[in-house]
Amino acid sequence: MPSQLYNDEEITMTDTQIGSHINAEAPRSKAQAHDAFPKADTSPDIALIQARNFNFFYGKQQALFDISLDIPERKVTAFIGPSGCGKSTILRSINRMNDLIEGVSHGGDITIGGTSIYDPQLEVIGLRRRVGMVFQKSNPFPKSIYENVVYGLRVAGENRKARLDEVVEQSLKSSALWDEVKDRLQESALALSGGQMQRLCIARAIANEPDVLLMDEPCSALDPIATAKIEELIYQLKRDFTIVIVTHNMQQAARVSDKTAFFYLGKLIEFNNTKAMFISPTKKQTEDYITGRFG
Ligand SMILES: Nc1ncnc2c1ncn2[C@@H]1O[C@H](COP(=O)(O)OP(=O)(O)O)[C@@H](O)[C@H]1O
Ligand SMILES: [Mg+2]
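This is a predicted model, so every value here is computed, not measured.

**Student:** Whenever I open this one, the site of ligand 1 confuses me. Can you help?
**Tutor:** Around ligand 1 lies a shell formed by Tyr-58, Ala-63, Gly-81, Ser-83, Gly-84, Cys-85, Gly-86, Lys-87, Ser-88, Thr-89 and Ile-101. With three residues, the single largest contributor to the shell around ligand 1 is helix H2 (residues 87-94). Looking at the shell around ligand 1 residue by residue, the class counts come to four nonpolar, six polar and one charged.

**Student:** How should I be thinking about the environment of Ile-234 in this particular structure?
**Tutor:** Among the structural elements, Ile-234 can be located in helix H9 (residues 224-237). Counting along the chain gives 32 residues from Ile-234 to Ile-202, while the straight-line C-alpha distance between them is 9.8 Å.

**Student:** For this particular structure, what's the right way to read helix H8 (residues 194-206)?
**Tutor:** Taking 1.5 Å per residue as the helical rise, H8 with its 13 residues ought to reach 18 Å, and the 18 Å between its terminal C-alpha atoms agrees with that figure. Within H8, twelve of the 13 residues are buried, which leaves it mostly tucked inside the rest of the structure. Among the residues of H8, Gly-195, Gln-196, Met-197, Gln-198, Arg-199, Leu-200, Cys-201, Ile-202, Ala-203, Arg-204, Ala-205 and Ile-206 are the ones counted as buried.

**Student:** Hey, could you run me through H2 in this one?
**Tutor:** What sets the pattern is the α-helix's 3.6 residues per turn: residues three or four places apart point alike. Most of H2 sits inside the fold, with eight of its eight residues counted as buried. By the burial criterion, the buried members of H2 are Lys-87, Ser-88, Thr-89, Ile-90, Leu-91, Arg-92, Ser-93 and Ile-94.

**Student:** What is the right way to look at the packing of H8 against H9 in this model?
**Tutor:** Between two packed helices, both the angle of their axes relative to each other and the distance between the axes serve to describe the pair. Two elements in contact, H8 and H9, have axes whose closest approach is 9 Å; the angle formed by their N-to-C orientations is 20°. As the angle between them shows, H8 and H9 are arranged roughly parallel. When you trace H8 past H9, the crossing you get is right-handed. Contacts between H8 and H9 pair Gly-194, Gly-195, Gln-198, Arg-199 and Ile-202 from the former with Ala-226, Lys-229, Ile-230 and Leu-233 from the latter. Within the contact of H8 with H9, the residues separate by chemical class into four nonpolar, three polar and two charged.

**Student:** Would you mind showing me how to read the sheet that holds strand S6 (residues 104-112) here?
**Tutor:** Note: strands within a sheet are paired through backbone hydrogen bonds, in either parallel or antiparallel orientation. Within the open sheet, the four strands sit side by side as S4-S3-S6-S7. Their pairing is antiparallel. The open sheet has two free edges, formed respectively by strand S4 (61-72) and strand S7 (115-116), since each of these has just one partner strand.

**Student:** I'm lost on the pairing of strand S12 (residues 267-273) in this one. Help?
**Tutor:** Remember that side chains alternate between the two faces of the sheet whenever the strand is regular. Strand direction decides the pairing type here: strand S11 (residues 259-264) and S12, joined by six bridges, are antiparallel. Along S12, the bridge assignment pairs Phe-262 with Glu-270. In this structure, the hairpin formed by S11 and S12 is closed by a connection of two residues, where Leu-265 is found at a positive phi of approximately 50°.

**Student:** Can you help me understand unusual backbone geometry in this one?
**Tutor:** The bulk of non-glycine residues show a negative phi, and the bulk of peptide bonds are trans. Even without being glycine, Asp-66 reaches a positive phi, approximately 50°. Phi is positive for Arg-96, which is not a glycine, with a value near 60°. With respect to the helices, strands and loops of the structure, Arg-96 is situated in the loop between H2 and S6. Take Arg-96: there are 17 C-beta atoms within 10 Å of it, and that puts it in the partly exposed class.

Conventions adopted
Residues numbered from 1 in each chain as written. Chains lettered and ligands numbered in written order. Predicted model: local features only at pLDDT ≥ 70, side-chain atom pairs only at ≥ 80, totals over all residues. Near = placed C-beta within 6 Å. Helix = DSSP H or I, 4+ residues; strand = E, 2+ residues; numbered from the N terminus. Nonpolar A, V, L, I, M, F, W, Y, C, P; charged D, E, K, R; others polar. Expected span 1.5 Å × (residues − 1). Buried ≥ 20, exposed ≤ 12 C-beta atoms within 10 Å, placed from the backbone. Axes fitted to C-alpha atoms, helices over the stretch in contact; angles between N-to-C directions. Parallel < 35°, antiparallel > 145°, perpendicular 65-115°, else oblique. Left-handed = near helix turned anticlockwise from the far one by under 90°. Contact = placed C-beta atoms within 7 Å. Pairing = 2+ DSSP bridges.

Here it is, written out as structure tokens:
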């Protein structure tokens, strides 16, 4: 895990692992730039999302067992573990996407900012706006680039052109796509490359001004260059968002995340700072997995 040093105008990475960063967005103003820039990664963790004794069932089949973990604000947390261990299930529990599946149930709780997301009073649409999601296979709508970005706003009733234009520009800049598409915003999103489509899906999520971005293997369908771009983007985005990323790529977890959670057979085996976990895992199962002995 590289250490990062921040100053006002640029991000300096002392480790070349991540590669050159994209200068995606000029700071809007000095004051805002100060706000937008996070503490360095050594800053204390402030838990935003907390799972407490969380159990999850598909019908009678239990997929998650007694998961308790704290996901820190404005950092990147990676979920790793072999296929079928429950990474997507726990990720989808954070914005209640699992609600859409028939016959599911849960025990325990997940809170965001101290509020239970399973509170019967809670409005699920609002939760999903606050907790955006990006999937393995990018899923732009068969609409223009512009309309993809403003989709959530339009659904929420926003139709003022100046406001929509502003959100499109901001979101596409934040997702490092603006320069590539600014002259063809009215063209179909489906004409973009795979990596561009994934960044468009990130822009679409960002346009709703979420607090949290959930990403389920967002690079697994991309080539190495497009993957590197998304990784650099994730690195930029944690200035403003709390990010949780599922990845089966160990190197990716090591490159992009501050914290790593290792799951095995529906259980959280180990959760630690990424560097600590990769250098000296405390559990044998974690060590076997990260050294490629199984999975
Ligand atoms: N929609 C579903 N219906 C029934 N079982 C499911 C469903 N989705 C996942 N599962 C089961 O839950 C377990 C965890 O799956 P998943 O969360 O997708 O794991 P991962 O993302 O780590 O590969 C697996 O045993 C899987 O078969
Ligand atoms: Mg999965």
